[in-house]
Each structure stands twice: as C-alpha cells, then as structure tokens.
Amino acid sequence: MELTSEHKKKIKKIVAKADKQTMTVKTVRRTLEKSLGLDKDALKPLKEELTAYVTLLIDPPTPAKEKKPAKESSEDARIVQLKKMGQAVRAGPTLFKGLKDLDADAKAAELKERLVAKGYEIAGAAPTAKEIKEAKRKRDQMEEDDNGMDLSNIITGKRRRADVTYAPAPAPLEENNSVDEDSEAEFV
C-alpha cells in the first residue's frame, strides 16, 4: 500500500486545519484513517512515507540560491591599476575626489598625476605590479622613519622660564583677643 493522490489531498486539508504547534504525524495519520473509514493503525505501514510528506507540507525546502557570476569590470584596466596603487599607499579618498565626471582617459591621467605628485613613480600609462609593490614599500619605510614627520619643525632645548619677581605677601592681621562687651550685646 502507498500514498495515493487522494490520500495526499486529504493530508493537505488535515495539515491546513491542524494546529501546527500541537500536531503530530500520528494525529494526522489517525485523522486520515477516520476520514477514509479505515481501521485504527491501518496506515501504520505507510508511517515513513506519511512522515516525509507531512514534513514536506509543514516545512517546504527552500531553493538553493544561485551564485551570481562575477561582475565583469567595465572600468578601464589603467584606472583599476591606479586605484590599486592608491589603496596600497593608503592615499585616502581625496585621491579620487572629483573624478566621477571625467571620462576614462582623463580619469586615468588625473589619477596618475596625483600619485606622481605624492612622490610615487609610474613609468607607463598604468603602474605595474612591481611599481605598486615598490610604492607600498616606500610608504611603509616612511611610516617607520618617524611616521613621515618633518623633523625640522621640532624645537629642541630647554624650556626657558621667565624671570618673574613676585610681590611680597601681605603681613597677617593680628587678631584682637579682647572681647568687647558692646559688640556681644549687638548679637543677643
């Protein structure tokens, strides 16, 4: 004996009406037996098949998400290499400021000009992997050497204190130990 399409239709109705929190496969099987007019435990040989079908109704499998193909870059290869160099030397967002409106050739030329102005060498139209690596090494070296600070601005020597003469402190007031009876009378 196996589950027929008639059985499956009735199981769908039973599962739809049942409380999902308290429903069990056994209660679904017993309800199905009553609706078909069968004896108790008549569908017990179909227990595994019934369990699989009820589980499928309660928790349908979700389709596996398809991986999106890698997005092909529409950007010019020169610009990609120049951006890699800018990121490698941690040039910051100001390197890319104002480049959105330019066409590819102008954008590449401007990026190259900005990187060269920062002191990085680019031989061709775009930096090679070797040039990017050399620029990164140069930046790391600058960080090691006093974090790239200009040492000529550091003031050395002792701090000179101004010669200040202070006025002498006023002499303490002498306390009058004698108590006037007149002054006490005022407070009473």
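This structure is a prediction, so every number in the text was calculated from the model and none was measured.

Engineer: Got a sec to walk through the overall build of the chain? Specific residues and values, please.
Structural biologist: Along its length, the chain carries 7 helices and 0 strands. Counting only residues that meet the buried cut, the chain has 19% of its 188 residues in that class. Counted over contacts in the chain with a minimum sequence separation of 6, partners at least 24 positions apart contribute 58%. Carbon and sulfur atoms provide 52% of the accessible area of the chain, an area that totals close to 16100 Å².

Engineer: Any details on the environment of K26? Residues and values, ideally.
Structural biologist: Of note, K26 is situated in helix 2 (residues 25-36). Judged by its relative accessible area of 46%, K26 is partly exposed. Between the C-alpha atom of K26 and that of K44, which follows or precedes it by 18 residues, the distance is 9.1 Å.

Engineer: Outline helix 5 (residues 104-117), supporting the account with residue identities and numerical values.
Structural biologist: In this model helix 5 runs 20 Å from its N-terminal to its C-terminal C-alpha over 14 residues, within 8% of the 20 Å that 1.5 Å per residue would give. Listed in full, the buried residues belonging to helix 5 are K107, A108, L111 and L115. Across the axial projection of helix 5, the buried residues extend over an arc of 100°, all falling on one side. Set apart from the buried face of helix 5 by more than 90 degrees, the exposed residues are E113 and A117. Packed against the buried residues of helix 5 are helix 4 (77-88). Two residues or fewer after helix 5 comes G119, characterised by a positive phi angle close to 100°.

About the criteria used
- Residues numbered from 1 in each chain as written.
- Predicted model: local features only at pLDDT ≥ 70, side-chain atom pairs only at ≥ 80, totals over all residues.
- Heavy atoms only, no water.
- Helix = DSSP H or I, 4+ residues; strand = E, 2+ residues; numbered from the N terminus.
- Buried < 20%, exposed > 50% of the residue type's maximum accessible area, 1.4 Å probe, protein only.
- Contact = heavy atoms within 4.5 Å.
- Areas by Shrake-Rupley, 256 points an atom, 1.4 Å probe, with all protein chains shown as cover.
- Expected span 1.5 Å × (residues − 1).
- Arc of directions from axis to C-beta.

The values are spatial; any link to function lies outside them.
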